[in-house]
Amino acid sequence: MTTAAVSSAAVTTTPLGRRRTPLLTLLPAEGALSWVRRGDGLVGWGEADRLEVSGPDALAEASAWWADRCAHTEVRDPVRVPGSGPVVFGSIAFDPAAGTSVFIVPEVVVGRRGGQTWVTVTGDAGSEERAVIETSPQEAATSIGQLAYADGARDPMAWCGAVAAAVARIDAGELGKVVLARDLFVTADRPLDPRRLLLRLAERFSDTWTFAVDGLLGATPELLLRRTGRVLESRVLAGTARRGAGADDDRLAAALAASAKDHAEHAYAVDSLADALRPFCSRLDVPGEPDVLTLPNVRHLASDVRGRQRDDDPSGLLELVGAVHPTAAVCGTPTARAAQLIGELEGMDRGRYAGPVGWLDARGDGEFGLAIRCAELTGAEGGRQARLFAGCGIVTGSDPTAELAETQAKLAAFQAALED
């Protein structure tokens, strides 16, 4: 399903110099689009065009739609860096064949890279400056009142039972790893303002990518795939430890770095990404050992993978995303068996949770992360409700109680943004 294309409208990018107004303060309360890390990135609003697509060829259809739209658009872009000119934001279903993926072309995009800021407008080129209106911090920080939480598809005890069932299937040799997620509903006294949530997430988790597309927003530490020219980059995360206080924090970090279970879980995720990406690459560099990534609420084992796409390979970023997703970091291995077990044990529709989320420009450059550490604003209860998600990689030796505690640590990232 798509709206009528605005193919005759010009797209104009205008440099704004070295302005340092925080990007997230430019967003309106409705229709916020975001991909920001350490102050750089893109924000957008308005809808010049929209595509909703599902089915076995969903990403191929989206890629063709975007290519056709760009081919019929007049572009004025003196900036010419990744993210300038025409841009589409995308939020892809965890299962693109069964779920609905959403692609939005904003009317206005403001971008920043390396100190350079620009604004891109679809349509009236005279409206660039008028389109950029800063939101007051006081408006975005308005209290949402008391919060009421409710279990999602599985209460904690039932979810622990699902983890135990998964471990039994793994120990029986059916598969090596499966990622099980749980959801949690929260209802506030007053409508949830995405600006408040995004600003708080960005402040606390500056090393993550703060994203928002069509009501799904969060702060992901995991970069599924970045394409810049022919250079491909990915940050794979798997293996998690909670944070502690003082000496206990150091002990937990050392335990994660030495954990055979967490290293095995991480290896599944790295191997699945590398195996899927290798046929498209003339070179692929995969670290022999992961690093430990420290975030305010948890630590992860992390591997930064970098490669070069073959010069004779015509695949665009969406095709590459479709080839590598889902990795073992959000699904499991073998992929088909893990996906089947998720359907049996989770008891919920993930929707766009754990699916790729990010942006793509007309040159084919772009970035897609995985929609984790996130919530979906459901629109229920007069805009006062959100659905939160968290998941864990289950392997042999996984303890259901420990995995439940891991989901609670991950949910705390978004809960902190909700609380006054």
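Note that the coordinates shown come from a computational prediction; the quantities given were computed from them, not determined experimentally.

Draft legend 1. Molecular detail of the overall build of the protein. Each helix and strand counted, the protein has 10 helices and 23 strands in total. Since a compact globule built from 420 residues should have a radius of gyration of about 22 Å, the 21 Å found for the protein is in line with a globular shape. For the C-alpha atoms alone, the extent of the protein along its principal axes is close to 65 × 55 × 40 Å. For the protein, the residues scored as buried account for 56% of the 420 residues in total. In the protein, the share of contacts with a sequence separation of at least 24, taken over all contacts with a separation of at least 6, comes to 74%. Put simply, the protein shows about 16,100 Å² of open surface, and 52% of that area lies on carbon and sulfur atoms. Taking the average location of the 43 positive side-chain charges in the protein and that of its 57 negative ones, the two points are 4 Å from each other.

Draft legend 2. Spotlight on the pairing of strand β14 (residues 223–228). In terms of residue burial, β14 counts as a mostly covered element, since five of its six residues are buried. Here β14 pairs with strand β15 (residues 231–242) via four bridges, running antiparallel. Each bridged residue has a counterpart across the sheet, and for Arg-226 the counterpart in β15 is Glu-233. The antiparallel hairpin formed by β14 and β15 contains two residues in its connecting segment, where Gly-229 sits at a positive phi of about 65 degrees. Across four bridges, the pairing between β14 and strand β21 (residues 366–370) is antiparallel. Bridge pairing links Arg-227 to Gly-366 in β21.

Draft legend 3. Highlighting the nonpolar core. Judged by nonpolar contacts, the single largest core of 84 residues is most densely connected at Phe-89, Phe-103, Val-178, Leu-180 and Ile-394. If you tally residues by element for this core, the top one is helix α4 (residues 156–171), at seven residues. Setting aside anything within four residues of it in sequence, one finds Ile-394 in contact with Val-163, Ala-166, Val-167, Ile-170, Gly-176, Lys-177, Val-178, Leu-180 and Glu-403.

Draft legend 4. Inspection of empty space enclosed by the protein at higher detail. Inspection of every chain in the model, using the stated rule, returns three cavities of 30 Å³ or more. If you add up the space inside the largest cavity, you get close to 230 Å³. Contributing to the lining of the largest cavity are 21 residues, with Ala-329, Ile-372, Arg-373, Gly-391 and Lys-410 lying nearest its centre. Elements represented by at least two residues in the lining of the largest cavity include exactly β11 (177–188), β15, β23 (385–394) and α10 (400–418). Split by residue class, the lining of the largest cavity holds 10 nonpolar, five polar and six charged. Empty space within the second largest cavity amounts to approximately 60 Å³. At the level of elements, α1 (58–71), β8 (108–113) and β9 (116–122) are the ones that each hand at least two residues to the lining of the second largest cavity. When grouped by side-chain class, the residues that make up the lining of the second largest cavity number nine nonpolar, three polar and two charged.

About the cut-offs
- Counting restarts for each chain: residues are numbered from 1 in the order of the written sequence.
- This being a predicted model, a pLDDT of at least 70 is required before a residue's local features are given, and a value of 80 or more before pairs of side-chain atoms are given or counted; all residues contribute to the totals for chains, interfaces and linings.
- Based on all heavy atoms of the structure, the side-chain values leave hydrogens and waters out of the count.
- Think of it this way: any DSSP run of H or I at least four residues long counts as a helix, any run of E at least two long counts as a strand, and we number them from the N terminus.
- Restricting the calculation to C-alpha atoms gives the radius of gyration, and the globule rule supplies 2.2 Å times the number of residues raised to the power 0.38.
- Accessibility here uses a 1.4 Å probe with only protein chains present; expressed as a share of the type maximum, an area under 20% marks a residue as buried, one over 50% as exposed, and anything in between as partly exposed.
- By the convention used here, residues are in contact when the closest approach between their heavy atoms is within 4.5 Å.
- Accessible surface is estimated by sampling points in the Shrake-Rupley manner with a 1.4 Å probe; for residues, cover comes only from the protein chains shown.
- Here the positive residues are Lys and Arg and the negative ones are Asp and Glu; neither His nor the chain ends is included.
- Every charge is mapped onto a representative atom, which is NZ of Lys, CZ of Arg, CG of Asp or CD of Glu.
- Pairing between strands is defined by DSSP: at least two bridges between the two strands are required.
- Put simply, a nonpolar core is a bunch of buried Ala, Val, Leu, Ile, Met, Phe, Trp, Tyr and Cys residues held in one set by side-chain atoms that sit within 4.5 Å of each other.
- Put simply, the grid is 1 Å and covers the protein atoms alone, a cavity is a trapped set of points that fit a 1.4 Å probe, a pocket is an open set with protein on both sides within 12 Å along at least five of seven lines, and lining residues have an atom within 4 Å of a point.
- Grid points are joined across faces, edges and corners, and a volume is the space filled by probe spheres set on the points.
- Residue type decides the class: Asp, Glu, Lys and Arg count as charged, Ala, Val, Leu, Ile, Met, Phe, Trp, Tyr, Cys and Pro as nonpolar, and the leftover types, Gly among them, as polar.

Remember that the coordinates give geometry; whether it matters functionally is a separate question.
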